[in-house]
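# Tertiary structure, described
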Amino acid sequence: MFDEIHEECGVFGAYRLKDAAALTYYGLHSLQHRGQEASGIAVCNDHVIEVIKGKGLTIDVFNKQKLELLKGDCAIGHVRYSTAGGQEYQNIQPIAATGPLGEIAVVHNGQIVNDLELRRQLEEEGCIFQGTSDSEIILHLINQESGDLLERAMKTARKLVGAYSILIMQDDHLIAFRDRHGLRPLSYTRDRDGYLISSETCAFEIMGIYDSITIAPGELVEFKKGLAKAYQYIDPKECSSNMCGMEYIYFARPDSVIEGQNVHSVRKETGRQLARKDQDLNADIVIGVPDSSLSAAMGYAEEADIPLETGLVKNRFVTRTFIQPTQSMRDRGVRMKLSPIPSVVKDKSVVMIDDSIVRGTTSRRIVKLIREAGAKEVHVRIASPVIQWPCFYGVDTSTRKELIGANLSVDEICEYIGADSLKFLETDEVRQAACPVGLCMACFDGKYCTSLFSHQKSLDEDLADV
Ligand code: SF4
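The present account deals with the structure reproduced in this document. (Residues numbered from 1 in each chain as written. Predicted model: local features only at pLDDT ≥ 70, side-chain atom pairs only at ≥ 80, totals over all residues. Heavy atoms only, no water.)

On to the side chain of threonine 156. Looking at where threonine 156 falls in the secondary structure, it is placed in helix 6 (residues 149-159). Polar side-chain contacts of threonine 156 include one of 2.8 Å to the backbone oxygen of arginine 152. (Helix = DSSP H or I, 4+ residues; strand = E, 2+ residues; numbered from the N terminus. Polar contact = N/O pair within 3.5 Å; in protein donor to acceptor, adjacent residues only side chain to side chain.)

Shown next as structure tokens:
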């Protein structure tokens with residue numbers, strides 16, 4: 001069991017650009033933090049869609065020869081971490097199929113919550129599903145609707161409930177849209193005579209492009225005949241701003257800009273908020289748990305005027321396929337992911353900033369590491385509220401039974417992780433840090449912005465279990 005939260009996916013597209021597959025490869029490489037389980041690219045060339053995809057990191061799935069096979073100036077790509085649907089090959093995206101308009105390919109980041117209802121309806125209409133992912137529903141809906149690609153995409157978008165940032169490709173025609181609550185990020189930018197579309201702007205920045213446009217909640221952008229045209233596919237009154245708070249807290253890269261707010265700056269502000277709650281704490285140093293907590297640690301240190309130190313070092317090459325140390329290796333003290341720097345923490349009162357606590361086992365291990373390295377006191381500060389609810393919008397959190405925050409008080413969590421003191425942020429404090437962007441905070445406060453359809457049942461069972 002992982003004591004971490006996993007993002008589900010990242011999407012990238014290149015429209016009317018030479019070497020579209022190579023650009024998509026580099027884009028996906030920048031989005032790799034959003035999913036390491038599988039990667040895929042589809043290109044369209046003369047009405048024919050070619051797809052190459054496989055399990056593993058983008059650099060493992062693709063090589064120069066494979067990229068050279070993907071000819072065409074329109075491409076979409078995907079990096080995956082699976083929650084909805086299993087890890088089977090059929091669930092790896094892009095998913096492509098032939099329908100009334102010819103070949104179509106789709107990539108999706110998020111989670112459709114009315115998936116079972118839509119799937120049942122489509123199966124009754126005769127659709128045959130190849131895999132188990134909710135993303136295949138989108139492809140079937142597009143093929144079942146009437147009209148041209150734009151009309152079909154709009155009708156499909158209106159039927160979906162949940163979190164979705166989606167790219168659809170057919171011929172020299174690309175469509176991108178976001179759900180009406182704006183739960184997952186999606187932006188596009190001009191590049192020479194074409195366009196790039198990405199889950200995160202960090203993928204544009206590696207190409208030297210720093211300006212981008214956010215696709216708004218309930219908005220669809222059509223890339224056709226060399227132009228980008230935006231449509232509101234649903235009444236703005238039915239739309240809201242509910243960007244996943246965890247994107248700012250944990251998932252997104254600090255160099256990304258989401259809805260106009262730089263992720264690093266928001267994280268830094270959460271650190272400042274934590275420091276303002278600590279007027280009486282006389283600590284010697286502040287350390288952040290690498291990598292996602294470093295910005296918040298910087299904000300805390302600046303606000304509290306306490307030196308920021310590198311107290312923990314992360315081995316960046318411990319991936320999902322890494323052979324974890326056995327119990328006997330762990331007993332020998334083999335710790336692969338994080339190492340403390342004893343000369344930094346020895347005899348110090350340490351403020352340790354982390355982004356979140358899921359099951360508590362990782363925090364407990366890190367506090368122990370810092371103490372073993374000689375720290376006098378370890379005060380843990382979490383740059384998010386207490387996670388108490390599961391996510392149904394494309395993030396692999398846990399059931400309430402497994403979430404320490406749903407079962408123990410803050411004092412009890414403090415005791416469990418072995419810290420001298422523990423504080424979290426409140427939801428309003430995170431909202432303030434990301435302001436003016438409206439945030440989904442459902443995994444902290446249980447206020448889901450959509451009906452959960454059949455997933456409500458699993459939530460009810462989960463509640464009965466706690
Ligand atoms: S429930 Fe939590 S993880 Fe899921 S979208 Fe909302 S803020 Fe993000």
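Further remarks concern the sheet that holds strand 23 (residues 377-382). Sheets are built from strands that pair by backbone hydrogen bonding, the pairs being arranged parallel or antiparallel. The parallel open sheet is built from five strands, whose spatial order is 19-18-22-23-25. A strand with exactly one partner marks an edge of an open sheet, and here the two such strands are strand 19 (308-309) and strand 25 (421-424). Direction of pairing for strand 18 (residues 285-288) relative to strand 19: parallel, over a ladder of two bridges. Directly across from valine 286, in strand 19, lies its bridge partner leucine 308. Helix-sheet contacts for helix 10 (residues 294-304) involve strand 18, strand 19, strand 22 (349-354) and strand 23, and the interaxial angle to strand 18 is about 165°. (Pairing = 2+ DSSP bridges. Contact = heavy atoms within 4.5 Å. Axes fitted to C-alpha atoms, helices over the stretch in contact; angles between N-to-C directions.)

If you check the shell around the ligand, you find Arg184, Cys244, Gly245, Met246, Cys391, Tyr393, Val395, Cys440, Ala442 and Cys443 and nothing else. Broken down by secondary-structure element, the contributors of at least two residues to the shell around the ligand are helix 8 (245-251) and helix 17 (442-445). Residues belonging to the shell around the ligand are distributed by class as follows: eight nonpolar, one polar and one charged. (Near = heavy atom within 4 Å. Nonpolar A, V, L, I, M, F, W, Y, C, P; charged D, E, K, R; others polar.)

Glancing now at unusual backbone geometry. Residues glutamine 93 and proline 94 are joined by a peptide bond in cis, for which omega reads 5°. Structurally, proline 94 is set in the loop between strand 5 (74-80) and strand 6 (95-99). Along the chain, cysteine 435 connects to proline 436 via a cis peptide bond; the corresponding omega equals 15°. Within the fold, proline 436 resides in the loop between helix 16 (427-434) and strand 26 (439-440). Although it is not a glycine, aspartate 171 adopts a positive phi angle of roughly 50°. Position of aspartate 171 relative to the elements: it lies in the loop between strand 8 (162-170) and strand 9 (173-178). According to the relative accessible area criterion, aspartate 171 is partly exposed, its value standing at 26%. One non-glycine residue, phenylalanine 453, lies in positive phi territory at about 50°. Mapped onto the elements, phenylalanine 453 comes out in the loop between helix 17 and helix 18 (455-465). (Buried < 20%, exposed > 50% of the residue type's maximum accessible area, 1.4 Å probe, protein only.)

Where helix 5 (residues 135-144) contacts helix 6, the two axes come as close as 8 Å, and the packing angle between them is 130°. Classified by the angle between their axes, helix 5 and helix 6 sit oblique to one another. In terms of crossing hand, the pair formed by helix 5 and helix 6 is right-handed. Each of Ile138, Leu141, Ile142, Asn143 and Gln144 in helix 5 lies in contact with helix 6, whose residues at this interface are Leu149, Arg152, Ala153, Thr156 and Lys159. (Parallel < 35°, antiparallel > 145°, perpendicular 65-115°, else oblique. Left-handed = near helix turned anticlockwise from the far one by under 90°.)

So, about the pattern of salt bridges. Pairing between side chains of opposite charge can happen when their charged atoms approach one another. Within the structure shown, the criterion is met by 27 salt bridges. Across the pair aspartate 291 and lysine 314 runs a salt bridge whose closest N-O atoms are separated by 3.9 Å. Note that aspartate 291 is positioned in the loop between strand 18 and helix 10 and lysine 314 in strand 20 (residues 312-314), a separation of 23 residues in sequence. Taking the relative accessible area as the measure of exposure, aspartate 291 reaches 33% and is therefore partly exposed. For lysine 314, a relative accessible area of 28% puts it in the partly exposed group. Between aspartate 347 and lysine 346 there is a salt bridge, and its shortest N-O distance comes to 3.7 Å. For lysine 346, a relative accessible area of 47% puts it in the partly exposed group. One salt-bridge network, held together by shared partners, links Lys268, Glu269, Arg272, Arg276, Glu302 and Glu303. (Salt bridge = Lys/Arg side-chain N within 4 Å of Asp/Glu carboxyl O.)

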